[in-house]
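Here is how the chains run, residue by residue.
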Amino acid sequence: MTDQFSPKRDSDRRVIPWLLFGLLVLFGGVYVAGYLATSDRVPRGTTVSGVALGGLTPASAEVRLASEIDTRRKAPVIVSALGQRGRIDPAAAGLDVDIRASVEQAGGGRSWSPTRIWDSLTGGDDFDAVTTVDEGALATAIEDFAAEVDVPARDGAVVFKKDIAVPRAPRDGQVVDREAAATAVAAAYLVDEGPVELPTEVQEPEVTKNDVSAAMDDFANPAVSAPVVLEISDERVVLRPQDYVPAL
């Protein structure tokens, strides 16, 4: 029977740490070699919004991307809502492209990230350009378009014609959903040639049918149901509905 504390077994235990150390050095060397081999260029085969940037330095990639994407960068976003179309100007709406960030996300420049090193060695991917949004400017642009196409709600009312009170029914409106529309326009910028259908929502009137009915019963009908007699000193003045309806 072999002794568990034999010199041979003890020797095997001393070898294991050295073996692990050797593997660590090997993988570390491969990692450093990968970093050096990827240089500072955009991984081959990489595109940003359809613009080929593979093999270029970050500075050259930025110049190419800015040049190739310039027309789309300035093109208006065509929108549609409630049967009407409009144009959202990117400059006025605070929409733009962050050229540097677009190149950086594509892998321009050296990096110790294993993913970046792997992409550089095996080929890049297709990316969408990084866009920026001025939310205040975009909201204003949406508001300007919506003001032209909105069909506002109509409040109910009581209308007097000669000496008769006539109810006017309320009507729901249909308006552009400002917040959802801004999200849709920002998402379509540089991507969708349009027209982009903007979301709409129902706008309810503030004065409802019940309010009109109550006004007719409590005020309008009693006001024109009979003449109004005023007694001033010893005189009686009779006002017929047609005499005071204009004031109502």
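Please read all numbers here as calculations on a predicted model, not as lab measurements. (Residues numbered from 1 in each chain as written. Predicted model: local features only at pLDDT ≥ 70, side-chain atom pairs only at ≥ 80, totals over all residues. Heavy atoms only, no water.)

Asker: Please explain the sheet that holds strand 6 (residues 126-127) as it appears in this structure.
Answerer: The 3 strands are arranged 2-1-6 in an open sheet whose pairing can be described as mixed. Single-partner strands in this sheet number two, and they are strand 2 (51-52) and strand 6. Summarising the sheet, strand 1 (residues 47-48) and strand 2 pair through 2 bridges and their orientation is antiparallel. In the strand pairing of strand 2, Val 48 is matched with Val 51. (Pairing = 2+ DSSP bridges. Helix = DSSP H or I, 4+ residues; strand = E, 2+ residues; numbered from the N terminus.)

Asker: Sorry, what's going on with the environment of Glu 62 here?
Answerer: Position of Glu 62 relative to the elements: it lies in helix 2 (residues 58-68). Once the C-alpha coordinates of Glu 62 and Glu 104 are considered, the two residues, 42 residues apart in sequence, prove to be 9.4 Å apart. Contacts of Glu 62, omitting those with residues within four sequence positions, involve Ile 99, Arg 100 and Val 103. (Contact = heavy atoms within 4.5 Å.)

Asker: Before we go on, may I ask you to explain the layout of surface pockets in this structure?
Answerer: Empty space among the atoms becomes apparent when a probe as large as a water molecule is rolled across them. Roughly 200 Å³ of internal volume is contained in the largest pocket. In terms of lining, the largest pocket is formed by Arg 72, Ala 75, Pro 76, Val 77, Ile 78, Ala 188, Tyr 189, Leu 190, Val 191, Asp 192 and Glu 193. (1 Å grid on protein atoms, 1.4 Å probe; cavity = no way out; pocket = protein on both sides within 12 Å on 5 of 7 lines; lining within 4 Å. Points joined across faces, edges and corners; volume = space filled by probe spheres on them.)

Asker: Honestly, the environment of Arg 178 in this entry has me stumped. Any pointers?
Answerer: Position of Arg 178 among the secondary structure elements: in helix 8 (residues 178-188). Note on Arg 178: relative accessible area 26%, which makes it partly exposed. For the pair Arg 178 and Leu 198, spaced 20 residues apart in sequence, the C-alpha separation works out to 8.8 Å. The residues touching Arg 178, leaving out its near neighbours within four places in the chain, are Ile 142, Glu 143, Ala 146, Ala 147 and Asp 150. Within the structure, the side chain of Arg 178 is placed 3.0 Å from the side chain of Glu 143, a separation counted as a polar contact. A distance of 3.0 Å separates a polar side-chain atom of Arg 178 from the backbone oxygen of Val 176. (Buried < 20%, exposed > 50% of the residue type's maximum accessible area, 1.4 Å probe, protein only. Polar contact = N/O pair within 3.5 Å; in protein donor to acceptor, adjacent residues only side chain to side chain.)

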